Amino acid sequence: AHPDCTMLVWSSWQLFNQVLGDPESFGFHGEDATRAAGGIFVDGLHPTSAMHEIIAARLLEFLEDVRPVMGSV
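Rules of the game
Residues numbered from 1 in each chain as written. Predicted model: local features only at pLDDT ≥ 70, side-chain atom pairs only at ≥ 80, totals over all residues. Heavy atoms only, no water. Helix = DSSP H or I, 4+ residues; strand = E, 2+ residues; numbered from the N terminus. Buried < 20%, exposed > 50% of the residue type's maximum accessible area, 1.4 Å probe, protein only. Contact = heavy atoms within 4.5 Å. Areas by Shrake-Rupley, 256 points an atom, 1.4 Å probe, with all protein chains shown as cover. Salt bridge = Lys/Arg side-chain N within 4 Å of Asp/Glu carboxyl O.

Quick notes on the overall build of the chain
Part 1: Counting its secondary structure elements, the chain contains 2 helices and 0 strands.
Part 2: Within the chain, the proportion of its 73 residues that are buried is 18%.
Part 3: Long-range pairs, those at least 24 residues apart, make up 38% of the contacts in the chain between residues at least 6 apart in sequence.
Part 4: A total accessible area of about 5,700 Å² is found for the chain, and carbon and sulfur atoms account for 59% of it.

Have a look at this one:
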């Protein structure tokens, strides 16, 4: 119905699992994965600025890898 539409799916869930599974490789302390307020989360729900930077960098990498579909602008 919408041939000019482009839909992309990127998983923040996957990235959070990677960070929580190995916080040290992302520059956090190991205990940050289980703390409600620490390097990864501000309050147990909202990501810190440091985590937002990781999200933005990974999302940018994803978008840079997207190849235009034939016929698109």
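Brief notes about the pattern of salt bridges
Part 1: Counted according to the given criterion, the structure contains 1 salt bridge.
Part 2: Of the charged contacts, one joins Asp32 and Arg35 as a salt bridge, the two residues approaching to 3.6 Å between their closest N and O atoms.
Part 3: Given the relative accessible area of 3%, Asp32 is considered buried.

Let's talk about the side chain of Asp32
Part 1: Turning to its location among the elements, Asp32 is positioned in the loop between α1 (12–21) and α2 (49–64).
Part 2: Excluding its chain neighbours within four sequence positions, the residues that come into contact with Asp32 are Gly38, Gly39 and Ile40.

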